Amino acid sequence: MTEELLAVRDLKKHFPVTKGIIFMKEIGAIKAVDGVNFTVNRGETFGLVGESGCGKTTTAKLILLMERITGGTIHYKGRDISLLRGSELKSHRGSVQAVFQDPFSSLSPRMRVKDIIAEPIVVSVNAPSKTAVKEKIAELLQLVGLRKDAGDLYPHEFSGGQRQRIAIARALAPDPDLIVLDEPVSGLDVSIRAQIMNLLRDIQDRLGISYLLIAHDLPVVQHMSTWVGVMYLGTLVEIAGSEELNENPVHPYTKALLSAALPHHPAHIREEIILPGEVPTPFNPPEACKFHPRCFRARDICSSVPPLFRDIGGGHFVACHFIDDLRKI
Ligand code: SF4
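Criteria and thresholds
Residues numbered from 1 in each chain as written. Predicted model: local features only at pLDDT ≥ 70, side-chain atom pairs only at ≥ 80, totals over all residues. Heavy atoms only, no water. Pairing = 2+ DSSP bridges. Helix = DSSP H or I, 4+ residues; strand = E, 2+ residues; numbered from the N terminus. Contact = heavy atoms within 4.5 Å. Axes fitted to C-alpha atoms, helices over the stretch in contact; angles between N-to-C directions. Buried < 20%, exposed > 50% of the residue type's maximum accessible area, 1.4 Å probe, protein only. Phe/Tyr/Trp six-rings, centres within 6.5 Å; stacked < 30°, edge-to-face > 60°. Lys NZ or Arg CZ within 6 Å of the ring centre and 35° of its normal. Parallel < 35°, antiparallel > 145°, perpendicular 65-115°, else oblique. Left-handed = near helix turned anticlockwise from the far one by under 90°. Nonpolar A, V, L, I, M, F, W, Y, C, P; charged D, E, K, R; others polar.

Let's hear about the sheet that holds strand β5 (residues 79–80): which residues, and what values?
On the basis of which strands lie adjacent, the open sheet formed by 4 strands has the order β2-β1-β4-β5 and antiparallel pairing. Both outer strands of the open sheet, β2 (25–41) and β5, are each paired with one neighbouring strand and no more. Here helix α1 (residues 56–63) sits on the sheet and contacts β1 (4–19), β2 and β4 (71–76); the angle it forms with β1, its principal contact strand, is near 115 degrees.

Can you break down unusual backbone geometry residue by residue, with the values?
Residues other than glycine predominantly adopt negative phi, and peptide bonds predominantly adopt the trans conformation. Phi at D10 takes a positive value of approximately 50 degrees, unusual for a residue other than glycine. Mapping D10 onto the fold places it in strand β1. Judged by relative accessible area, which is 37%, D10 ranks as partly exposed. The residue L233 is not glycine, and still its phi comes out positive at about 50 degrees.

Which residues make up the packing of aromatic side chains, and what are the values?
Counted under the stated rule, the structure contains 5 aromatic pairs. The cationic tip of R299 hangs over the ring face of F322; the distance from NZ or CZ to the ring centre is 3.8 Å.

I'd like a rundown of the packing of helix α4 (residues 113–122) against helix α6 (residues 160–172), residues and numbers included.
Two elements in contact, α4 and α6, have axes separated by 7 Å at closest approach and are oriented at 30 degrees. Comparing the axis directions of α4 and α6 gives the class roughly parallel. Seen from above, α4 lies across α6 with right-handed handedness. Seen from α4, the contacting residues are V113, I116, I117 and P120; seen from α6, they are I166, A169 and R170. Residues that form the contact of α4 with α6 fall into these classes: 6 nonpolar, no polar and 1 charged.

Written out as structure tokens, the structure is:
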């Protein structure tokens, strides 16, 4: 049975834009995240995909409580975590961990690997004994495929892929239920990427952990994810099961991403879509459907009425006025 672990509802992060030096006047806002809804189920991976600047990393930071939300809610195991403070916040932090893109800058060069991995355990509310920490480090090194003596070395003594294994071991140390993977393989050589993706999937199978995967590379997201959400300019335009999204994409932006990423796939070969222009700035974004200035299906209504995010069956959601027309294409 599916169990909801993380529920994000109408999530917003607006950064105020000010003018003036002494009397700073607010002249608008950068709407980095603007009404995002999705769910991560236990043991599953939810992948967020979109071009650079679409708001996916800000969404990750909000969920990791690295940024304060402007609006909406983030429920984790049924509790609104944006309201947590003090010891409740401290004990929650162990339950949601992160692995970032750059293993070079995310690991302290002055700490031995064993201390890096131990850090999130020893600062936890119920820190275990030294012996238990030592056993845990040995267990984690084995789980991520590193040698037993790797704990005595420093990060610079490892390759990029091995460093990402260390980052994964550190994220696993406090036994989290959810790991936010922010572009976990994009800083690695192509030959190493598949190894790290397979490692993450093996760990998920063994531990039943959930992932929120953030990436700009659609094939990576589809390979790893149970569900995929496509983000454009701070909002989600389509959510579907990974296979369903690949076989039956509906939103024009999803179709464009797929046609660019997988041009020879039989589901997308019938049309080659090249989007005009760049993603607009999230400061004063386009009205109504934010995608309308670049959309090859846009009509008058698209610039005046925002499309609803509608369930078209089986957990497939699309934000577009012309869903029925687009499904025929
Ligand atoms: Fe394109 Fe209009 Fe659909 Fe927006 S609502 S994606 S502009 S057709």
